[in-house]
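# Structure at a glance
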Amino acid sequence: MESQPLWNTGQQWDFPNAWAPLQDLVIRGLAKSPSPRTQEVAFQLAQNWIRTNFDVYSRKSAMYEKYDINNGGQPGGGGEYEVQEGFGWTNGVALMLLDRYGDRLSSGAQTAFLMPHCLAAALLLSLLPH
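Before going into details, it helps to say that this report is about the structure given with it. (Residues numbered from 1 in each chain as written. Predicted model: local features only at pLDDT ≥ 70, side-chain atom pairs only at ≥ 80, totals over all residues. Heavy atoms only, no water.)

This brings us to the nonpolar core. By size, the foremost hydrophobic cluster in this structure holds 22 residues, and its most contacted members are Ile-27, Trp-49, Ile-50, Tyr-67, Leu-97, Tyr-101 and Leu-105. Of all elements in the fold, only helix H1 (20-31), helix H2 (36-60) and helix H3 (88-101) reach the threshold of two or more residues within this core. Ranked by residues supplied to this core, first place goes to H2 with seven residues. With residues near it in sequence (within four places) discarded, Leu-97 still touches Ile-27, Ala-46, Trp-49, Ile-50, Gly-102 and Leu-105. (Core = buried A, V, L, I, M, F, W, Y, C linked by side-chain atoms within 4.5 Å. Buried < 20%, exposed > 50% of the residue type's maximum accessible area, 1.4 Å probe, protein only. Helix = DSSP H or I, 4+ residues; strand = E, 2+ residues; numbered from the N terminus. Contact = heavy atoms within 4.5 Å.)

Turning our eyes to something else, we now look at the packing of H1 against H3. The axes of two packed helices give the description: the angle between them and the distance between them. Across the interface, H1 lies against H3 with an axial gap of 9 Å and an inter-helix angle of 25°. As judged from the angle between their axes, H1 and H3 are roughly parallel. Here the hand of the crossing between H1 and H3 comes out left-handed. Contact with H1, carried on its side by Ala-20, Pro-21, Asp-24, Ile-27, Arg-28 and Ala-31, involves Trp-89, Thr-90, Val-93, Met-96, Leu-97, Arg-100 and Tyr-101 of H3 and no other residues of that element. When its residues are assigned to classes, the contact of H1 with H3 shows nine nonpolar, one polar and three charged. (Axes fitted to C-alpha atoms, helices over the stretch in contact; angles between N-to-C directions. Parallel < 35°, antiparallel > 145°, perpendicular 65-115°, else oblique. Left-handed = near helix turned anticlockwise from the far one by under 90°. Nonpolar A, V, L, I, M, F, W, Y, C, P; charged D, E, K, R; others polar.)

A few words on the side chain of Glu-65. Along the chain, Glu-65 falls in the loop between H2 and strand S2 (66-68). Of the polar contacts made by the side chain of Glu-65, one reaches the side chain of Tyr-81; its length is 3.2 Å. Beyond its immediate chain neighbours, meaning those up to four positions away, Glu-65 contacts Trp-19, Ala-20, Tyr-81, Glu-82, Val-83, Gln-84, Phe-87, Trp-89 and Thr-90. (Polar contact = N/O pair within 3.5 Å; in protein donor to acceptor, adjacent residues only side chain to side chain.)

A few words now on the pattern of salt bridges. Working definition: two side chains of opposite charge can pair if their charged atoms are close together. According to the stated counting rule, one finds three salt bridges in the structure shown. The residue Arg-28 makes a salt bridge to Asp-24 at a minimum N-O spacing of 2.7 Å. You can see Arg-28 and its partner Asp-24 sitting in helix H1, four residues apart, about one turn around the helix. Where Glu-40 meets Arg-104, a salt bridge forms, and the shortest distance between an N and an O atom there is 2.7 Å. Linking Glu-40 in helix H2 with Arg-104 in the loop between H3 and helix H4 (119-127), this pair joins segments that are 64 residues apart in sequence. Judged by relative accessible area, which is 32%, Glu-40 ranks as partly exposed. (Salt bridge = Lys/Arg side-chain N within 4 Å of Asp/Glu carboxyl O.)

To continue, consider H1. Over its twelve residues, H1 runs 16 Å from end to end, which matches the ideal 16 Å to within 8%, given 1.5 Å per residue. Within the span of H1, buried status applies to Ala-20, Asp-24, Ile-27 and Ala-31. Projected down its long axis, H1 carries its buried residues within an arc of 80°, all on one side. Structurally, H1 contributes buried residues whose contacts are with strand S1 (17-19), H2 and H3. (Expected span 1.5 Å × (residues − 1). Arc of directions from axis to C-beta.)

Turning our eyes to something else, we now look at H2. Helix length check: H2 (25 residues) gives 36 Å between terminal C-alpha atoms against 36 Å at 1.5 Å per residue, within 8%. Within H2, burial applies to Ala-42, Phe-43, Ala-46, Gln-47, Trp-49, Ile-50, Asn-53, Phe-54, Val-56 and Tyr-57. Two residues or fewer past H2, Ser-61 is found with a positive phi of approximately 55°.

Further remarks concern the sheet that holds S2. A sheet is described by the order of its strands in space; here three strands give the open sequence S1-S2-S3, paired in antiparallel fashion. Each end of this open sheet is capped by a strand with a single partner; those strands are S1 and strand S3 (74-75). By the bridge criterion, two bridges tie S2 to S3 in an arrangement that is antiparallel. Of the residues in S3, the one forming a bridge with Tyr-67 is Pro-75. (Pairing = 2+ DSSP bridges.)

Written out as structure tokens, the structure is:
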């Protein structure tokens, strides 16, 4: 596996872009550790990812395939095409993290559940049986 550089190359998989599948792999791997400290790192990464998703969704009413972690949680950039909205793996990882850590996660906004377009509310409602 190639290592990604820690400087902005302008390529879509490189820093400063963060991708849901990579977050998922790291969080799941750390969560399987027998070490409570390592499990807490997994939770903190999940918390950061959900807050990034929530912050961007709150401002733009969309989920994205990647996020620019250098730019206050903006949609990512670089690569061969414009960043994609409504990307399935981002939605899937958010739902998985809400399922696994939902009792501990916070949006960082006290009024999160009062906003009708709130990501957390929308994702939690989608989990209810239809």
